[in-house]
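Each chain, written out:
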Amino acid sequence: MSAPHILVVEDEPAIADTITYALSTDGFEPHWCASGAAALQAQAAGGIALAILDIGLPDINGFELFKRLTAQQPGLPVIFLTARSGEIDRVVGLELGADDYVAKPFSPRELVARVRTVLRRTQRAAAAPPTAPTATSSAATAAAATHGFAIDDERKQIRFRGKALDLSRIEYRLLKVLAERPGRVYSRDELMQRAWDDPAAAFDRTVDAHVKMLRAKLREIDAAADPIVTHRGLGYSLREE
């Protein structure tokens, strides 16, 4: 079996050399690009299994590059690499749907271990057989429909008042949990367990950031809509109608 191709987008040659060496000695085939434009060209050639993106690139913000790469290759696993260690940057990166986030300075061995973990996780998710609908899931879907939401789990799509929402993977899971049980209050810990691939990588502020984004997207469809209720000190629920 051929080695997984890892796209490394980093404008500092010394750091890029460290990353590519660590990946190649651990059985991966890295492809280094120093700019966002070069990364998009490399992706167009196909075969990319995972991307490691620096946020501070010379020609494009790493967050914007993430959007373009995943638009061309939906489901592409991405790890952000940046010198910024502030919580807000971590929240934004994970909010967009990135799989992990590593701040500089970093251990090359740790980065490679995270690459392996993300690839295993995404491969397991892709190989998992679809679950047959049950009476409970049918009832949950009906409950969601009565509140203006239509959940299409096969397409991983949610419609609100007849219009499809543009959701990241985590936003989809988070809204699905809330929409299927209107009135049921979920703690932040419960939502992390149900919506995140790796709940240990999330934290309370990350949940809050995702809820904020979901509210904004719902208001784009209906400016007066406010179906997600905040229960201070407890968590969130979908408003009962």
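1. Notes on the packing of helix H7 (residues 169–180) against helix H8 (residues 188–195)
Consideration 1: Taken N-terminus to C-terminus, the directions of H7 and H8 make an angle of 125°; their axes are 9 Å apart at the nearest point. By the angle class used here, H7 and H8 are oblique. Note that H7 runs across H8; the crossing there is right-handed. When H7 is examined against H8, the residues Ile-170, Arg-173, Leu-174, Val-177 and Leu-178 are found in contact with a partner set consisting of Leu-191, Arg-194 and Ala-195.

2. As for unusual backbone geometry
Consideration 1: For the peptide bond that leads from Lys-104 to Pro-105, omega is -5°, which places it in the cis range.
Consideration 2: Inspection of the secondary structure puts Pro-105 in the loop between strand S5 (100–103) and helix H5 (108–127).
Consideration 3: Phi at Lys-156 is positive, roughly 55°, even though this residue is not glycine.
Consideration 4: If you trace the backbone, Lys-156 turns up in the loop between strand S6 (149–152) and strand S7 (157–160).

3. Side note on the pairing of strand S2 (residues 29–33)
Consideration 1: Where strand S1 (residues 5–9) meets S2, five bridges bridge the pair, whose relative direction is parallel. Within S2, the residue paired with Val-8 across the bridge is Trp-32.
Consideration 2: Handedness of the S1-helix H1 (residues 13–25)-S2 crossover: right-handed.

4. Thoughts on the nonpolar core
Consideration 1: Counting 26 residues, the largest nonpolar core has Phe-149, Ile-158, Leu-191 and Ile-228 as the members making the most contacts within it.
Consideration 2: Every element with two or more residues in this core is listed here: S6, S7, H7, H8, helix H9 (204–221) and strand S10 (235–238).
Consideration 3: Counting residues per element, this core draws most heavily on H7, which supplies seven residues.
Consideration 4: Among all residues touching Ile-228, those that are not within four sequence positions of it are Leu-178, Val-211, Leu-214, Arg-215, Leu-218, Tyr-236, Ser-237 and Leu-238.
Consideration 5: Formed by 21 residues, the second largest nonpolar core is a distinct cluster that contains Leu-40, Leu-53, Phe-63 and Phe-66.

5. Observations regarding the environment of Leu-7
Consideration 1: Relative to the elements of secondary structure, Leu-7 occurs in strand S1.
Consideration 2: With 32 residues separating them in the primary sequence, Leu-7 and Ala-39 have C-alpha atoms 7.5 Å apart.
Consideration 3: What Leu-7 contacts, discounting residues up to four positions off in sequence, is His-31, Cys-33, Ala-39, Ala-42, Ile-48, Leu-50, Ala-51, Ile-52 and Leu-69.

Cut-off values and rules
- Residues numbered from 1 in each chain as written.
- Predicted model: local features only at pLDDT ≥ 70, side-chain atom pairs only at ≥ 80, totals over all residues.
- Heavy atoms only, no water.
- Axes fitted to C-alpha atoms, helices over the stretch in contact; angles between N-to-C directions.
- Helix = DSSP H or I, 4+ residues; strand = E, 2+ residues; numbered from the N terminus.
- Parallel < 35°, antiparallel > 145°, perpendicular 65-115°, else oblique.
- Left-handed = near helix turned anticlockwise from the far one by under 90°.
- Contact = heavy atoms within 4.5 Å.
- Pairing = 2+ DSSP bridges.
- Right-handed = clockwise from strand over helix to strand, strands pointing away.
- Core = buried A, V, L, I, M, F, W, Y, C linked by side-chain atoms within 4.5 Å.
- Buried < 20%, exposed > 50% of the residue type's maximum accessible area, 1.4 Å probe, protein only.

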